[in-house]
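Structural overview
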Amino acid sequence: MIKLPLPRNPVSLVGVLLTTLGAVLFLIFFLADAFGLHTNPYMGIVFFIILPSIFVFGLLLIPIGGWLHRRRIAAGQPDVWPRIDFNNPRHRNVAFVIFGLTVINVMIVSLAAYSGVEFMDSTTFCGSVCHEVMQPEFESFKAGAHARVGCVQCHIGPGASWFVKSKLSGTRQVFAVLFNTHGRPIPSPVTNLRPARETCEQCHWPEKFHGDKVRVFREYGDDAKNTVNETTLQMHIGGGTSATREVTGIHWHTSASTKIEYISTDDKRQVIPWVRLTDRYGNVRDYVVDGVTQADLAKGEHRSMDCVDCHNRPGHPFAATAEKAVDAALASGDLPLSLPFIRRETVAAVKGTYPNQLTATDAIAVKLREFYRTQQPQVYMTSRPDVERAVVAAQAIYSRNVFPSMNVTFGTYPNNIGHMDFPGCFRCHDDSHKSKDGRVISQNCDTCHAIQ
Ligand code: HEC
Ligand code: HEC
Ligand code: HEC
Ligand code: HEC
Ligand code: HEC
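Residues numbered from 1 in each chain as written. Chains lettered and ligands numbered in written order. Predicted model: local features only at pLDDT ≥ 70, side-chain atom pairs only at ≥ 80, totals over all residues. Heavy atoms only, no water.

Around the iron atom of ligand 2, the donor atoms from the protein are H146 (NE2) and H204 (NE2), and they sit 1.9 to 2.0 Å away. Considering all six donor atoms around the iron atom of ligand 2, angles at the metal cover 87 to 179 degrees and the coordination shape is octahedral. Residue H146 is found in the loop between α5 (131–143) and α6 (151–155), and its partner H204 is found in the loop between α7 (160–178) and β1 (213–220); the two are separated by 58 residues along the sequence. We classify H204 as partly exposed; its relative accessible area is 40%. (Donors = N, O, S within 2.8 Å, 3.2 Å for Na, K, Ca; no water. Tetrahedral: all angles 85-135°; square planar, octahedral: opposite > 155°, others 65-115°. Helix = DSSP H or I, 4+ residues; strand = E, 2+ residues; numbered from the N terminus. Buried < 20%, exposed > 50% of the residue type's maximum accessible area, 1.4 Å probe, protein only.)

What follows is the structure, encoded as structure tokens:
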């Protein structure tokens, strides 16, 4: 029988124990995770980061302990290396066991590193580990069109170099959370975001966009009937490649043959006094706002326009105003249109100032119920389930858009699509960006949409 060669010094012995404990717990958890038993994001930190660290720490202790031990017994004598003799059966066994364990250890460490990385790239990790900090982005993300796209698909994208960059900046962010030095709200734009052409275009292909898209905007009134007012816009989506057909419409800006650069002079990219267009023939035209100085421009941020200069909220669509959020819930049916004054009352309830989300949830429920109980007792009697449905919808509107502890509320993050609530397209399309040859970036309504 092979006698297990346990180290004969306490440090190495602790190392063996830690390594074994780390490995066994890690393997148990890995199997549990594989069978779908992993739910709490904090468990992920424990198992994929802390246990592997204990494992590796234990491994390191074993040779360190051995070395200290040998130094101690050899004190006073010249330092000699241990003599390994494979004719000695004990040496053979030790070598055999060390080799076997090393193979197993390398496998465990690789598995741990792989699952650790996979875990750190998961939506759960990005969205819910630093819960409070990421809550606004995570809640809006879950309500948006990209709820099933991973954070890393937009924020990191494919390839090794952005992976490394993201891990470096991620380490900085962990410290910012630990020492509470991050902004509230988290600042936008993300200045080091990967160029959108390398991420969005993994799934979207603007060269293939074409034609118009009809959109109906619904706005509801503050009257008892919540009267709807509809605007139908035929958006000139456009797109295409110059090789096959003339590129026109909205996606002309990011077609392969167009290059637009701009300089913004504020930190939110909302003030854009200088725009340069390089067209498909290589002609260059600069559009400049009157009165802007070279010194202003030199201080600004110079950027090439890409998807996120218009679509800056694809992953995190917050409502621009409480009214817009309520109108969307009425249009989708989440808020029952049949309740008199539901538009007015919901807007008032979600616009209230509350110290935190928990208080808000209770206060919104009380406000709505009280209104119908005291002002519309008939409705309250007959349509109680609708009132309760409205309470749930109003609470959801609040908790998706307002985060008091992060100083995020309606309109905190500007949305660059459109021009009603934020400057958006009109940052450039305002008829006052002029070129030397007398062209302007047009505000003509029909450039972008036909209003029906
Ligand atoms: C569809 C692509 C997409 C997905 C998926 C996505 N994001 Fe974003 N995210 C963006 C874009 C685009 C911006 C804003 C870029 C800009 O304006 O510079 C952004 C901004 C942010 C910001 C900065 C603050 C802000 O709101 O502008 C944070 C934090 C963030 N995302 C976290 C996350 C987390 C966490 C997830 C996953 C739960 C995620 N993102 C998923 C595209 C995405
Ligand atoms: C992993 C694939 C993937 C990536 C990456 C991705 N998208 Fe999407 N996107 C989708 C899918 C799928 C839909 C359709 C969702 C639906 O309609 O339910 C969509 C929908 C959209 C829409 C229309 C829906 C809406 O109202 O928001 C826009 C605009 C959009 N994406 C822009 C972007 C931009 C900008 C980026 C890069 C920052 C991006 N997407 C990255 C898969 C992706
Ligand atoms: C000049 C601003 C602008 C740029 C740049 C831009 N888009 Fe758009 N995009 C729009 C507008 C405006 C719409 C229509 C929005 C609406 O539905 O009201 C749109 C619509 C879309 C849609 C939905 C299309 C549909 O038929 O429903 C997708 C997907 C999309 N864009 C992806 C992209 C991607 C990917 C890029 C970068 C390669 C990009 N866009 C660049 C302004 C822009
Ligand atoms: C950074 C500046 C900038 C922003 C922001 C911008 N545009 Fe433009 N856009 C331009 C320039 C420059 C032109 C070309 C002007 C010319 O014809 O001389 C243009 C042209 C257009 C055209 C005509 C394209 C064609 O030839 O068929 C459309 C449509 C358009 N823009 C839509 C939009 C929409 C919609 C938005 C907002 C979502 C937007 N733009 C935001 C700079 C901008
Ligand atoms: C440079 C492009 C551009 C020009 C010029 C433009 N629009 Fe728009 N407009 C948009 C886009 C993009 C949206 C869609 C916003 C969205 O998806 O929420 C929009 C939305 C709208 C809406 C519905 C908005 C809402 O939130 O209810 C109205 C109304 C509107 N435009 C009117 C006009 C009028 C009137 C003009 C002319 C003075 C005009 N627009 C010029 C790009 C443009």
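Here the focus is the site of ligand 2. As a structural note, the neighbourhood of ligand 2 is formed by A145, H146, V149, Q153, C154, T199, C200, C203, H204, C307, H311 and P314. Measuring from a nitrogen atom of ligand 2, one finds a side-chain N or O atom of H146 at 2.8 Å. At 2.7 Å, a side-chain N or O of H204 approaches a nitrogen atom of ligand 2. Broken down by class, the residue content of the shell around ligand 2 amounts to seven nonpolar, five polar and no charged. Looking at the shell around ligand 2, you find at least three residues from each of domain 2 (125–193) and domain 3 (208–315 + 415–451). (Near = heavy atom within 4 Å. Polar contact = N/O pair within 3.5 Å; in protein donor to acceptor, adjacent residues only side chain to side chain. Nonpolar A, V, L, I, M, F, W, Y, C, P; charged D, E, K, R; others polar. Domains from an automatic or database assignment.)

With that settled, the discussion passes to the sheet that holds strand β2 (residues 228–235). The three strands are arranged β1-β2-β8 in an open sheet whose pairing can be described as antiparallel. Of all strands in the sheet, those bounded by a partner on one side alone are β1 and β8 (449–451). Adjacent strand axes in the sheet meet at a mean angle of 30 degrees when their direction is disregarded. (Pairing = 2+ DSSP bridges. Axes fitted to C-alpha atoms, helices over the stretch in contact; angles between N-to-C directions.)

Let us look at the side chain of T199. In this structure, T199 sits in the loop between α7 and β1. Classification of T199 as buried rests on a relative accessible area of 6%. Those residues in contact with T199 that lie beyond four places of it in its chain are Q153, C154, G157 and R194. (Contact = heavy atoms within 4.5 Å.)

Now for the coordination of the iron atom of ligand 4. Coordination of the iron atom of ligand 4 by the protein involves H253 (NE2) and H429 (NE2), with metal-donor separations of 1.9 to 2.0 Å. Coordination geometry of the iron atom of ligand 4: the six donor atoms subtend angles of 86 to 180 degrees at the metal centre, consistent with an arrangement described as octahedral. Taken as a pair, H253 in the loop between β2 and β3 (259–264) and H429 in the loop between α13 (384–401) and β7 (433–434) lie far apart in primary sequence, 176 residues in all. Per residue, the accessibility class of H253 equals that of H429, and both read buried.

Let's shift gears to the nonpolar core. In globular proteins that are soluble, nonpolar side chains generally tend to be buried together. Counting residues in hydrophobic clusters, the biggest one holds 32 residues, and the most contacted among them are L335, V350, I364, Y372, I397 and F410. Going through the elements one at a time, α9 (322–332), α10 (342–351), α11 (357–375), α12 (377–382) and α13 are the ones with two or more residues in this core. Other than its neighbours up to four places away in sequence, Y372 contacts L339, P340, F341, I342, P377, V379, Y380 and V387. Ranked by size, the runner-up nonpolar core spans twelve residues in total, among them F29, F48, A112 and V129. (Core = buried A, V, L, I, M, F, W, Y, C linked by side-chain atoms within 4.5 Å.)

With that settled, the discussion passes to the domain arrangement of the protein. Here the domain parsing of the protein yields domain 1 (10–120), domain 2 (125–193), domain 3 (208–315 + 415–451) and domain 4 (322–406). Put simply, the middle of domain 2 and the middle of domain 4, counted by C-alpha atoms, are 31 Å apart. Each partner contributes to the interface: domain 2 provides eleven residues, whereas domain 4 provides six residues. Both faces combined, the contact of domain 2 with domain 4 buries some 700 Å², and carbon together with sulfur accounts for 66% of it. On the surface where domain 2 and domain 4 come into contact, there are two residue pairs in polar contact (both at pLDDT 80 or more). Class assignment for the residues of the side of domain 2 that touches domain 4 results in five nonpolar, three polar and three charged. (Buried area = accessible area lost by both parts, 1.4 Å probe.)

The next thing to look at is the packing of aromatic side chains. Enumeration according to the criterion identifies seven aromatic pairs in this entry. Here F119 and F125 contribute two aromatic rings whose centre-to-centre distance is 5.2 Å and whose plane-to-plane angle is 70 degrees, an arrangement assigned as edge-to-face. There is no split in this pair, since F119 and F125 are both buried. With 5.5 Å between their ring centres and 75 degrees between their planes, Y354 and Y398 make a pair best called edge-to-face. Taken as a pair, Y354 in the loop between α10 and α11 and Y398 in helix α13 lie far apart in primary sequence, 44 residues in all. (Phe/Tyr/Trp six-rings, centres within 6.5 Å; stacked < 30°, edge-to-face > 60°.)

Our next topic: the sheet that holds strand β5 (residues 284–289). One open sheet accounts for five strands, arranged β6-β3-β4-β5-β7; its pairing is antiparallel. Edge positions in the sheet fall to β6 (301–304) and β7, since each has one partner strand and no second. Looking at chain direction, β3 and strand β4 (residues 274–278) are connected through five bridges and run antiparallel. Counted as the bridge partner of Y262 is V275 from β4.

A separate point is the site of ligand 1. Around ligand 1, the surrounding shell holds 26 residues, and the nearest of these are E137, C151, C154, H155 and H316. One of the backbone N or O atoms of V190 is found 2.7 Å from an oxygen atom in ligand 1. Take R313: an N or O atom from its side chain is 2.7 Å from an oxygen atom of ligand 1. Elements that contribute at least two residues to the shell around ligand 1 include exactly α4 (123–128), α5 and α6.

In this structure, β4 lies alongside β5, joined through five bridges in antiparallel fashion. In the sheet register, T278 faces β5, and the bridge partner there is V284. Remark: five residues form the turn of the hairpin made by β4 and β5, two consecutive strands paired antiparallel; G282 in that turn has positive phi of roughly 90 degrees.

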